[in-house]
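Residues per chain are reported as follows:
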Amino acid sequence: MDVRREIYEEMRLLRDRTPEITGVLACTIDGMLVATDLSGSIDQTAALTSAVLSMSRRMADLTKAGDLVETLISGTRGYTACYAAGPKLVLTVLAVEGANLGLLRIEGRKTAAKIAAMVPSQ
C-alpha cells in the first residue's frame, strides 16, 4: 500500500473514533496536499495549514515552550486543530461546535504520531 493510502486510512479511522470530526486533511510542511476528505478550498486549507504550523512552531520556540504538539483554533461554529506529524507533515482536523476537546486532542495526537511514523524522516 502506498503512503498516501495509508495516511488516508488513518484519517478514516480517526473519523470513526471521533464522530464530532467533520473533516481531516494531511499536507506537507510546505502546504502540498497528501490526503483529505474535505471538499471546497482544499488547496487554500493546505497552504494555511502550513502557515499555521510554521507560525506555531516559531511561537513555541520563541516562548521556549518546547516542541510544538498542536495548535487549536476555536471559532463560533467549531474547531480547527493542527498537529505536527513529524518533521515533514501536518494533520488538520475540523470538529463541530461543542466537540469533546479532550477526545479530539487525544485522538488527533495519536493519529499524527501514526502518520509521522509512516514517512521516512530523511
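Look up a bit, the structure's there.
First, a word on scope: everything that follows refers to the structure included in this document. Model, not experiment: these values are computed from the prediction. (Residues numbered from 1 in each chain as written. Predicted model: local features only at pLDDT ≥ 70, side-chain atom pairs only at ≥ 80, totals over all residues. Heavy atoms only, no water.)

### Overview of the nonpolar core
Inference 1: Ranked by internal contacts, the top residues of the largest apolar core, which has 21 residues, are Ile7, Met11, Leu91 and Val93.
Inference 2: Within the residue set of this core, elements represented by two or more residues are α1 (3-17), β1 (21-28), β2 (33-36), β4 (78-85), β5 (89-96) and α3 (101-118).
Inference 3: With near-sequence residues (within four places) excluded, Leu91 lies in contact with Met11, Leu14, Val24, Leu25, Ala81, Cys82, Tyr83, Gly108, Thr111, Ala112 and Ile115.
Inference 4: One finds Cys27, Leu38, Val52 and Leu53 within the second-largest nonpolar core, a separate group that totals 10 residues. (Core = buried A, V, L, I, M, F, W, Y, C linked by side-chain atoms within 4.5 Å. Buried < 20%, exposed > 50% of the residue type's maximum accessible area, 1.4 Å probe, protein only. Helix = DSSP H or I, 4+ residues; strand = E, 2+ residues; numbered from the N terminus. Contact = heavy atoms within 4.5 Å.)

### Observations regarding α1
Inference 1: For α1, spanning 15 residues, the distance from its first C-alpha to its last is 21 Å, which sits close to the expected 21 Å at 1.5 Å a residue.
Inference 2: By the burial criterion, the buried members of α1 are Ile7, Glu10, Met11 and Leu14. Down the axis of α1, the smallest arc covering the buried residues is 100 degrees, so these residues share one side. Opposite its buried face, α1 presents the exposed residues Arg5 and Asp16, each directed more than 90 degrees away. (Expected span 1.5 Å × (residues − 1). Arc of directions from axis to C-beta.)

### Examining the packing of α1 against α3
Inference 1: Contact pair α1 / α3: the axes reach a minimum separation of 10 Å and the direction vectors enclose 165 degrees. In terms of orientation, α1 and α3 fall into the roughly antiparallel class. Handedness of the α1/α3 crossing: right-handed. Along its contact with α1, which presents Val3, Glu6, Ile7, Glu10, Met11, Leu14 and Arg17, the element α3 presents Leu103, Glu107, Gly108, Lys110, Thr111, Lys114, Ile115 and Met118.
Inference 2: Taken together, the residues of the contact of α1 with α3 sort by class into seven nonpolar, two polar and six charged. (Axes fitted to C-alpha atoms, helices over the stretch in contact; angles between N-to-C directions. Parallel < 35°, antiparallel > 145°, perpendicular 65-115°, else oblique. Left-handed = near helix turned anticlockwise from the far one by under 90°. Nonpolar A, V, L, I, M, F, W, Y, C, P; charged D, E, K, R; others polar.)

### As for the sheet that holds β5
Inference 1: Taken in spatial order, the five strands of this open sheet run β2-β1-β5-β4-β3, and their pairing is antiparallel. The strands lining the two open edges of the sheet, one partner per strand, are β2 and β3 (70-75). Recorded for the sheet is a direction-independent mean angle of 15 degrees between the axes of neighbouring strands.
Inference 2: For β4 and β5, the ladder comprises eight bridges, and the chain directions are antiparallel. Of the residues in β5, the one forming a bridge with Ala84 is Val90.
Inference 3: The sheet contacts of helix α2 (residues 42-62) involve β1, β2, β3, β4 and β5, and relative to β1 the element is tilted by about 70 degrees.
Inference 4: Helix-sheet contacts for α3 involve β1, β3, β4 and β5, and the interaxial angle to β4 is about 30 degrees. (Pairing = 2+ DSSP bridges.)

### Some points on unusual backbone geometry
Inference 1: Phi at Lys64 is positive, roughly 60 degrees, even though this residue is not glycine.
Inference 2: Position of Lys64 among the secondary structure elements: in the loop between α2 and β3.

### As for the side chain of Thr36
Inference 1: When you line up the elements, Thr36 lands in strand β2.
Inference 2: A distance of 2.9 Å separates the side chain of Thr36 from the backbone oxygen of Val24, its partner in a polar contact.
Inference 3: Setting aside residues up to four positions removed in sequence, Thr36 forms contacts with Tyr8, Met11, Val24, Leu25 and Ile42. (Polar contact = N/O pair within 3.5 Å; in protein donor to acceptor, adjacent residues only side chain to side chain.)

### A word on the pairing of β5
Inference 1: Counting buried residues in β5 gives six out of eight residues, a clear majority hidden from the surface.
Inference 2: Pairing between β1 and β5: seven bridges, direction antiparallel. Within β5, the residue paired with Val24 across the bridge is Val93.
Inference 3: Connecting β4 to the next strand, β5, in antiparallel fashion are three residues, including Gly86 with a positive phi near 80 degrees.

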